[in-house]
Amino acid sequence: MSAVLADMPETVAPATTKAIAPSKGGRPWTFYVLATLFSLYVIALYGPMFCIYILSFQDIRGGLVFPMKGHSLHWFVDLFTQVRTGDVKGSFDRSIKLAVIVTVITVVVSFLAGLGFRKRFRGDTVVFYMMIGSLVAPGLVLGLGTGLLFQALGLNASWYTSALGAQLSWTLPFGVLVMFAVMSRFNHVWEEAAYDLGASRWQSIRLVMIPVLAPGLVAVALFGFTLSYDEFARSLQTAGSLNTLPLEIWSMTLNVTSPSLYALGTVTTIVSFVVIGASLGSIVLIQKKRSSSAKG
Amino acid sequence: MQPSQTPPRANLAGWLYVSPLVLVLVPFFVAPILVVLAASFFATDGFGGLTPGFTLASYVEVLHSALTLKLYLATIKFTVLTWIFTLIIGFFVAYFLVFHVRNQLLAIGLFLLCTVPFWTSNIIRMISWIPLLGKEGLINQALLGLGVIRQPLEVLLFSDLAVVIAYVHQLTIFMIVPIFNSMARIDKKLIEAAIDAGASRFDIMRLIVVPMSKSGIALGTIFVVSIVMGDFFVVKVMSGGGSASVVSAFYEDVGVLQYPNAAASAVLLTLVLVAIVSLILRTVDIRQEITR
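Source: prediction; values computed, not measured.

### Remarks on the overall build of chain A
Reasoning step 1: Secondary structure assignment for chain A yields eleven helices and zero strands.
Reasoning step 2: In sequence order, chain A lays out its α and β elements as α-α-α-α-α-α-α-α-α-α-α.
Reasoning step 3: Counting across all 296 residues of chain A, residues that qualify as buried make up 46%.
Reasoning step 4: Counting only contacts in chain A whose residues sit at least 6 apart along the sequence, the fraction spanning at least 24 positions is 77%.

Here you go:
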């Protein structure tokens with residue numbers, strides 16, 4: 001699923017010269033039908049999310065449905081000060097830290113695996129299907145297995161050990177699949193040239209591959225961070241006694257019926273949007289810099 | 001190149017590069033699956049204690065219970081409905097972006113617009129349907145206001161309908177991306193040639209676009225089917241406890257410490273999932289598909 005996401009920005013550069021659709025002739029009637037379908041899809045995709053962002057800004061009389069009852073930041077304050085909504089601040093801290101650790105590991109491990117999978121080697125198919133298995137296995141079942149394993153080994157389950165591993169079993173397959181797409185666009189001639197000029201293997205990775213593949217690596221990081229930050233099923237049985245943010249939200253959906261639930265949704269989505277914006281922005285920036293230095 | 005012809009040095013280098021990946025997947029994917037498999041053969045004292053041993057009692061119990069059949073039927077119902085809707089919407093959204101949007105930058109922008117919610121919280125996107133579908137939600141308010149209905153519809157939220165809506169909302173992106181990917185690689189000259197040869201637009205769709213998007217459809221199907229079959233929280237929250245699936249029953253079993261039964265049902269589910277995924281994989285070489 002990740003292939004296009006990773007090379008999207010790569011295709012930005014020659015975009016203006018070649019349009020996908022035939023550019024001559026009038027619009028057939030199907031265009032209008034499909035344009036309507038597309039618009040409805042986008043509205044259905046974003047509409048509900050915006051409803052809860054709006055509803056989270058109600059005042060103290062606010063409920064779970066429209067109409068809006070006043071507007072204030074009451075439920076945001078409530079979220080971080082009230083005990084009955086749980087330890088939102090602590091779980092927020094843990095989730096961010098965990099997501100950063102997962103991101104770093106995902107980028108490094110996926111990059112190395114991407115290098116490894118460029119050439120066939122004995123047993124590569126086994127590793128590949130192990131990865132696909134890890135991707136499609138039911139998260140809750142894997143989480144329970146990990147929890148039981150830790151129990152059997154006499155280890156304590158916690159967010160930075162068992163939950164970290166359980167999340168990596170989810171983020172790494174995505175990361176490696178993105179690397180597959182990125183690597184398939186990498187021109188091996190550049191690497192060969194580096195060797196011919198006397199570069200060591202490490203030098204060619206550091207000075208040639210990493211700079212060339214930088215946009216792809218940012219995409220891997222985006223997957224690593226957001227998938228970890230929102231991961232739920234695999235963390236449920238592995239996080240130990242301290243909750244991560246999605247677990248906190250899950251327990252709130254079961255017992256909190258005030259707009260503070262929506263306020264938490266708004267806060268966590270803002271974090272996601274900032275991360276997505278920063279990643280996509282930096283990919284575009286790298287591409288722009290490249291195309292301008294190529295011209296100049 | 002055949003792996004058997006690979007020189008030993010290449011084998012070693014390959015394994016060195018993927019070793020960190022293997023070092024994560026073995027303890028956190030292979031080992032947990034083996035633990036669950038082992039637990040399914042253990043006996044239990046009913047209080048969460050496991051007695052190592054080998055008994056098929058849990059399998060007998062799971063396979064004999066009428067509940068199992070009901071859970072699988074419910075799971076299959078949700079899976080098939082979600083698959084149909086995500087496939088139809090995903091296919092036509094991808095088709096629109098690839099074949100109808102003429103400016104490629106705009107197509108990429110619209111594509112990203114579709115993908116952004118994928119990187120946000122699924123739970124939040126799920127509960128965001130409450131203000132719309134609830135008894136006093138926007139849809140009921142609108143229908144009441146228009147005089148279409150006299151009583152608010154109660155089937156909108158906390159029902160099977162709400163479960164399917166939430167699945168389609170979350171998973172259509174998994175269809176759009178791979179189908180978009182395979183459609184974008186269809187050579188436009190092929191379509192022009194078909195037009196010149198007198199093909200109708202329906203023929204083009206039937207004979208060129210659909211067959212050449214097959215691999216994307218297969219990939220999307222793997223994602224949608226495995227996620228719906230492995231899900232429990234959408235079923236639990238959006239059905240309001242009224243419906244259950246195989247994994248949500250698993251979750252309840254774990255909650256009351258019925259580990260062997262839960263494990264046996266998980267093993268059965270995994271076998272079903274493996275069978276479905278390998279059937280799909282027979283139609284498409286996923287690795288070649290991704291690297292192409």
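### Some details on the overall build of chain B
Reasoning step 1: In terms of helices and strands, chain B carries 15 helices and two strands.
Reasoning step 2: Reported as C-alpha extents along the three principal axes, the dimensions of chain B are approximately 75 × 75 × 30 Å.
Reasoning step 3: Across the 292 residues of chain B, 45% fall into the buried class.

### Some thoughts on unusual backbone geometry
Negative phi characterises most residues that are not glycine, and trans characterises most peptide bonds.
Residue and element names in this part refer to chain B.
Reasoning step 1: Of note in the backbone geometry, Phe158 takes a positive phi value of approximately 55° without being a glycine.
Reasoning step 2: On the secondary structure map, Phe158 appears in the loop between α7 (138-146) and α8 (160-184).
Reasoning step 3: Accessibility expressed as a C-beta count within 10 Å gives 20 for Phe158, which makes it buried.

### Overview of the interface of chain B and chain A
Reasoning step 1: Listed as interface residues are 93 residues of chain B and, on the opposing side, 85 residues of chain A.
Reasoning step 2: Element by element, the count of residues in the side of chain B that touches chain A is highest for helix α1 (residues 8-39) of chain B, at 21 residues.
Reasoning step 3: Of the residues assigned to the side of chain B that touches chain A, the class counts are 67 nonpolar, 19 polar and seven charged.

### Quick word on the packing of helix α13 (residues 246-255) of chain B against helix α14 (residues 259-281) of chain B
Residue and element names in this part refer to chain B.
Reasoning step 1: Direction vectors running N to C along α13 and α14 enclose 160°, while the axes themselves pass 9 Å from each other. Here α13 is positioned roughly antiparallel relative to α14, judged by the angle of their axes. Where α13 crosses over α14, the two elements pack in a sense that is left-handed. Residues Val246, Val247, Ala249, Phe250, Asp253 and Val254 of α13 lie in contact with α14, whose contacting residues are Asn261, Ala262, Ser265, Ala266 and Leu269.

### So, the confidence of the model for chain A
Reasoning step 1: With 89% of its residues at a pLDDT of at least 70, chain A reaches an overall mean of 84.
Reasoning step 2: The low-confidence segment residues 1-21 of chain A, where pLDDT is below 50, has 55 contacts with residues more than four positions distant or belonging to other chains.

### Some remarks on the environment of Val177 of chain B
Reasoning step 1: Looking at where Val177 of chain B falls in the secondary structure, it is placed in helix α8.
Reasoning step 2: Sequence separation of Val177 of chain B and Val237 of chain B is 60 residues, and the distance between their C-alpha atoms is 27 Å.

### Concerning helix α4 (residues 104-115) of chain B
Residues and elements named next belong to chain B.
Reasoning step 1: Taking 1.5 Å per residue as the helical rise, α4 with its twelve residues ought to reach 16 Å, and the 16 Å between its terminal C-alpha atoms agrees with that figure.
Reasoning step 2: Within the span of α4, buried status applies to Gln104, Ala107, Phe111 and Cys114. Buried residues in α4, looked at end-on, bunch into an arc of 75°, giving them a common side.

### Some thoughts on the environment of Phe232 of chain B
Reasoning step 1: Locating Phe232 of chain B in the fold gives a position in the loop between α11 (214-230) and α12 (233-238).
Reasoning step 2: Put simply, Phe232 of chain B and Glu154 of chain B are 78 residues apart on the chain and 22 Å apart in space, counted from C-alpha to C-alpha.
Reasoning step 3: For Phe232 of chain B, the residues in contact, after removing those within four places along its chain, are Leu140 of chain A together with Ser245, Val247, Ser248 and Tyr251 of chain B.

### Here we look at the environment of Leu213 of chain A
All names here are of chain A.
Reasoning step 1: By secondary structure assignment, the location of Leu213 is in helix α9 (residues 201-229).
Reasoning step 2: On the neighbour-count criterion, Leu213 (21 C-beta atoms within 10 Å) is buried.
Reasoning step 3: If sequence neighbours within four positions are ignored, Leu213 has contacts with Val182 and Phe186.

### Re the confidence of the model for chain B
Residues and elements named next belong to chain B.
Reasoning step 1: Of all residues in chain B, 95% attain a pLDDT of 70 or more, and the chain-wide mean is 87.
Reasoning step 2: Confidence, read as mean pLDDT per element, is least for helix α15 (residues 286-291) in chain B (68) and greatest for helix α3 (residues 66-100) (93).
Reasoning step 3: Interface confidence in the predicted complex, given as ipTM, is 0.87; pTM for the same model is 0.87.

Conventions adopted
- Residues numbered from 1 in each chain as written.
- Chains lettered and ligands numbered in written order.
- Predicted model: local features only at pLDDT ≥ 70, side-chain atom pairs only at ≥ 80, totals over all residues.
- Helix = DSSP H or I, 4+ residues; strand = E, 2+ residues; numbered from the N terminus.
- Buried ≥ 20, exposed ≤ 12 C-beta atoms within 10 Å, placed from the backbone.
- Contact = placed C-beta atoms within 7 Å.
- Nonpolar A, V, L, I, M, F, W, Y, C, P; charged D, E, K, R; others polar.
- Axes fitted to C-alpha atoms, helices over the stretch in contact; angles between N-to-C directions.
- Parallel < 35°, antiparallel > 145°, perpendicular 65-115°, else oblique.
- Left-handed = near helix turned anticlockwise from the far one by under 90°.
- pLDDT = per-residue confidence, 0-100.
- Expected span 1.5 Å × (residues − 1).
- Arc of directions from axis to C-beta.

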